[in-house]
Structure formats: C-alpha cells, structure tokens
Amino acid sequence: MPDLLVSLYSAKLAELKERADIVGASIRPALPPELHLVVNWAREHFSENWASEVSVAFSRQPVACLIAVEDGKLLGFACYDTTARGFFGPTGVAPEARGQGIGLALFSACLQTMKSLGHAYAVIGDAGPVDFYARTAGAIAIPAPDKGIYEGMLRSAPK
C-alpha cells in the first residue's frame, strides 16, 4: 500500500469537517490516565504494532491520540506524529461501531489538530483504504519505489 499525502489547507478538509460534525460520538484527546485502556484496546482489536504506536502517542505533549467515546465506551482512536512527525495513524474503530462515521470524525479531528499544531501536510503511511482517503480528504499517492519508513520493520511472529 502506498504512502499518501494530504494538504491540510485543502477545501476538502472543510467539507470533511462538516460531515464529521454530525457524528454522535464524542471525539476528544485521550487523557494520560487512559493510556492503559487505549493501548490494551488497540492491542485487542488490532495489533501489537498499533498498540506500540498508541503508546508513543501518549508520550507526546500534548497527547497525540484522539478517541471516540459514547456512553462511557471507547469506540475508536486515531493517532498522529507517532511513527514520524507529520504522520497520521494508526486509526481504528470497533467492529460494532463501523459505518457510523466515527472513523471519518476521528480522521477529520486529527487533521484539524495537526493543522493547528503547524503542519501543512499529513502523511498517511502504508495507507489501507486509499480510496477513502482520496475521496474524503483529497489524499494523493506519494510516488516511491519502496515501502518508505516501514521498509524492513521488525514484526511479531504469528502465534
């Protein structure tokens, strides 16, 4: 999967924010005492690698992880500036909460936060849903012959 580039000054981001504002879940920065909950949730629902990145997001000041919460329940998360400065991700939504716009709202809030912190662009490394990112934020593929920053990354052996 390619790395993607998103301009944080694109008119598409205003459209994205409008769509995201109608989501019912609360999107907010994670709090430091929630670290264990969010890291364990990312590990349980996604992977050990993503749990590691979430842990890094909590080491940033301010915490570089946003969460989606509804009725006291964690429904999703999105991180930025974890693998490298200017990177968006990882992001994930609970299977039972997908299709409700929560991922869209987390993506929008992260991009808005990155812009407010002074980033002009966001990189989505090894992007999964390329069409989603292109359609919602105008993301474009970064032409590169390799896997970029993730080339040669160590991975856990399958159990």
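Calculation notes
- Residues numbered from 1 in each chain as written.
- Predicted model: local features only at pLDDT ≥ 70, side-chain atom pairs only at ≥ 80, totals over all residues.
- Heavy atoms only, no water.
- Pairing = 2+ DSSP bridges.
- Helix = DSSP H or I, 4+ residues; strand = E, 2+ residues; numbered from the N terminus.
- Contact = heavy atoms within 4.5 Å.
- Axes fitted to C-alpha atoms, helices over the stretch in contact; angles between N-to-C directions.
- Parallel < 35°, antiparallel > 145°, perpendicular 65-115°, else oblique.
- Nonpolar A, V, L, I, M, F, W, Y, C, P; charged D, E, K, R; others polar.
- Buried < 20%, exposed > 50% of the residue type's maximum accessible area, 1.4 Å probe, protein only.
- Polar contact = N/O pair within 3.5 Å; in protein donor to acceptor, adjacent residues only side chain to side chain.
- pLDDT = per-residue confidence, 0-100.

Engineer: Residues and numbers for the sheet that holds strand 3 (residues 65–70), please.
Structural biologist: Spatial ordering of the open sheet is given by 2-3-4-5-6-1-7, a layout of seven strands whose pairing is mixed. The open sheet is flanked by strand 2 (26–29) and strand 7 (140–141), the only strands paired with a single partner. Taken together, the four bridges between strand 4 (residues 73–80) and strand 5 (residues 87–93) define a ladder with antiparallel strand orientation. In the sheet register, Tyr80 faces strand 5, and the bridge partner there is Phe88. Lying over the sheet, helix 5 (residues 130–137) contacts strand 1 (4–7), strand 5 and strand 6 (121–124), oriented at roughly 15° with respect to strand 1.

Engineer: Can you tell me about the packing of helix 1 (residues 11–20) against helix 5, naming the residues and giving the values?
Structural biologist: The relative placement of two packed helices comes down to the angle between their axes together with the axis-to-axis distance. Running from N to C, helix 1 and helix 5 point in directions that differ by 100°, and their axes come no closer than 8 Å. Accordingly, the angle class assigned to the pair helix 1 and helix 5 is roughly perpendicular. In this structure, helix 1 uses Lys12, Leu13, Leu16 and Arg19 to contact helix 5, whose residues at the interface are Ala134, Arg135, Thr136 and Ala137. For the contact of helix 1 with helix 5, the per-class residue count stands at four nonpolar, one polar and three charged.

Engineer: So what about the side chain of His119? Which residues, and what values?
Structural biologist: Residue position: His119 is located in the loop between helix 4 (102–116) and strand 6. You can call His119 buried: its relative accessible area is 16%. There is a polar contact of 3.2 Å between the side chain of His119 and the side chain of Asp81. Filtering out sequence-adjacent residues up to four positions away, His119 remains in contact with Leu8, Tyr9, Asp81, Arg85, Gly86 and Met114.

Engineer: Requested: an account of the environment of Ile124, with residues and values cited.
Structural biologist: Mapped onto the elements, Ile124 comes out in strand 6. On the basis of relative accessibility, which here comes to 3%, the residue Ile124 falls in the buried class. Taking C-alpha positions, Ile124 is 14 Å from Leu104, a pair spaced 20 residues apart along the chain. Once residues lying within four places of it in the same chain are set aside, the contact partners of Ile124 are Pro2, Asp3, Leu4, Val6, Phe88, Phe107 and Tyr133.

Engineer: Could you give an account of the confidence of the model for the protein chain, with specific residues and numbers?
Structural biologist: Overall, the prediction assigns the protein chain a mean pLDDT of 93, with 98% of residues at 70 or greater. Per-element confidence in the protein chain ranges from a low mean pLDDT of 90 for helix 1 to a high of 98 for strand 4.

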